[in-house]
Amino acid sequence: MAEQTKILTAEQERQLRQPIDTYVGGIQEKINALRKDGTDRVVELQSALDNLKRDRIYTAQEKEARRAQLQKELEQAKSVESRHKDEIAKLIADAEAYLKAHFDQDYYQAVAASCQAEKLQAQVKYREAVEQLNKTHQETVAKLSDPHELKDEKYVHKNRLFDAKMQLAKDLQAAKDRRHAAFDHQYHLLDLLRMSKFSFAETAAQRWESYKYTFSGRDFLLRNGLYLAIAVIFIALCFITPAVKGVHLLTVNNILNILQQASPRMFLALGVAGLILLAGTDLSIGRMVGMGMTAATIVMHKGINTGSVFGHIFNFTGLSVLVRVILALVVCIVLCTIFTTIAGFFTAKFKMHPFISTMANMLVIFGLVTYSTKGVSFGGIEDSISKMIIPKINGFPTIILWALAAVIIVWFIWNKTTFGKNLYAVGGNPEAASVSGISVFWVTVGAFIMAGILYGFGSWLECIRMFGSGSAAYGQGWEMDAIAACVVGGISFTGGIGKISGVVTGVFIFTALTYSLTTLGIDTNLQFVFSGIIILVAVMLDCLKYVQKK
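Residues numbered from 1 in each chain as written. Predicted model: local features only at pLDDT ≥ 70, side-chain atom pairs only at ≥ 80, totals over all residues. Heavy atoms only, no water.

Q: An account of helix α18 (residues 500-520) is requested, with residue identities and associated values reported.
A: The end-to-end C-alpha distance of α18 is 30 Å, a good match for the 30 Å that 21 residues give at a rise of 1.5 Å each. Across the 21 residues of α18, 15 count as buried, placing the element largely inside the fold. Backbone geometry just downstream of α18 places Gly 521 in the positive-phi region, at approximately 90°. (Helix = DSSP H or I, 4+ residues; strand = E, 2+ residues; numbered from the N terminus. Expected span 1.5 Å × (residues − 1). Buried < 20%, exposed > 50% of the residue type's maximum accessible area, 1.4 Å probe, protein only.)

This is the structure we're talking about:
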């Protein structure tokens, strides 16, 4: 009964809030009157000036005359605004002080306590309902002997329990909504007083309240369950590795090594992420890395090449080192882009699944590179190139900056360009995108071209990081790492869903996990098992999210 007395009716809650609304509302009326010919007029005139710039009805002379008139009226309005500024500030301060003194103490705490009591009452009501339903069910079952009737009774009982559970959820949500509305009311009043200007602390408080209000344990686990599991595994490895190998994982040097290894792979993951965004994939990434590594090593080779391509031995020693570095990059990008464009054309033109078109690419590339080079490794590149392109500054590997630049550029393309918006639209629903005027063909081909450019950059950087040693076999299995990083990072295979931040997270997760397992001495083949399990769980969670939305 004590809890029952805490529960407020809607009328009681309104009565608690009425003094606050009356006091602050009175101040708001005074502020509105002061703003009418000042701030409100300034906003109105500035909007009129902005519209005038886009207006095509007036002639140039009429537009200039109109602009001059509006500007004159704007100056007058600003003068009025300036005169009332101090008075309005005092009124706002008065209202804020009143809200600070009375809102929480006189209104919100009572509503929050009422909502808590409502939740407890709803849970008691649910338990009593379940007990009554179980009792009635047992009495009914005791009277029945026919198997079909028993089956029907069990089905009906199950539905009644479900209805009771749904009623509990409804009651709890109603209490939650009521408390949230009470919390928001204060910021609604402040919003009117200040014209939507909040301090950093107030904005943070609103965001935290919104997060708590919309939080769902099931959704949280669907979004972050895999990350939490991997974090637990990594923390466990951080304790196990020092005990078994006498090596600490969380050192500055190890973290920099992980970032350095992840940098070239970041380019590959960013490239394939655009294709997965279109509900596609790319199986040829690893072979393109091998092709790019081989081509870059040939161009930047230390001295005359020892291996041949189709029987011809290349000699680029007559070119300066810088020219050879740029030439190697161009060759890598051109070769990778040619093959991705071919795959993109067949995918877009003939509606061929990217799995097939990129698998064909994978076989063609590997066959051509292996046949033309006889499968040999081309040795090392010029020693000065690594220091020129990715030097270490006070132990910091600058190759990380290349990856950071790639992340920023691709983020900008995805989020700030028409092509990026079209990419999401085509990935989400190609038919609807086509009807709205988007060229599905060119968006698809464009995504493959962008992927080729990123693959070329990635293979070029990897060649410099590894000081050459390019061969057709290099990069085998890298496509799985890139795809897995995207999937773990939340790029959905259903298309149209994903963020660059997810790709970055996925690459770091896989690189860190691989590095940790290697340091621990886990066999490479067993590492594939870990990767496979992670991919399976990631896709399963992605499918669960998709099914939930459906």
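Next comes the rest of the write-up.
Q: Run through unusual backbone geometry, naming residues and quoting values.
A: Even without being glycine, Phe 467 reaches a positive phi, approximately 60°. Within the fold, Phe 467 resides in the loop between α16 (440-465) and α17 (478-488). What makes Phe 467 partly exposed here is its relative accessible area of 42%.

Q: I'd love a proper account of helix α7 (residues 217-245), names of residues and values included.
A: Asn 224 marks where α7 bends most, by close to 60°. Of all the positions in α7, only Leu 222, Leu 226, Ile 230, Leu 237, Cys 238 and Thr 241 are classed as buried. Positioned one or two residues after α7, Gly 246 has a phi angle of 70°, which is positive. (Bend = angle between axes of the 7 residues up to and from the residue.)

Q: Go over the pattern of salt bridges with me, naming the residues and quoting the values.
A: Counted under the stated rule, the structure contains 14 salt bridges. The partner of Arg 41 in a salt bridge is Glu 73, with the nearest N and O atoms 2.7 Å apart. Placement of the pair is Arg 41 in helix α3 (residues 39-54) and Glu 73 in helix α4 (residues 60-143), with a sequence separation of 32 residues. With relative accessibility at 27%, the residue Arg 41 sits in the partly exposed group. Across the salt bridge formed by Glu 118 and Arg 178, the nearest N and O atoms sit 2.7 Å from each other. Separated by 60 residues along the polypeptide, Glu 118 in helix α4 and Arg 178 in helix α5 (residues 147-194) bring together distant segments of the chain. No difference in accessibility class separates Glu 118 from Arg 178, as the two residues are buried. (Salt bridge = Lys/Arg side-chain N within 4 Å of Asp/Glu carboxyl O.)

None of the figures reported here should be taken as evidence of function without further support.
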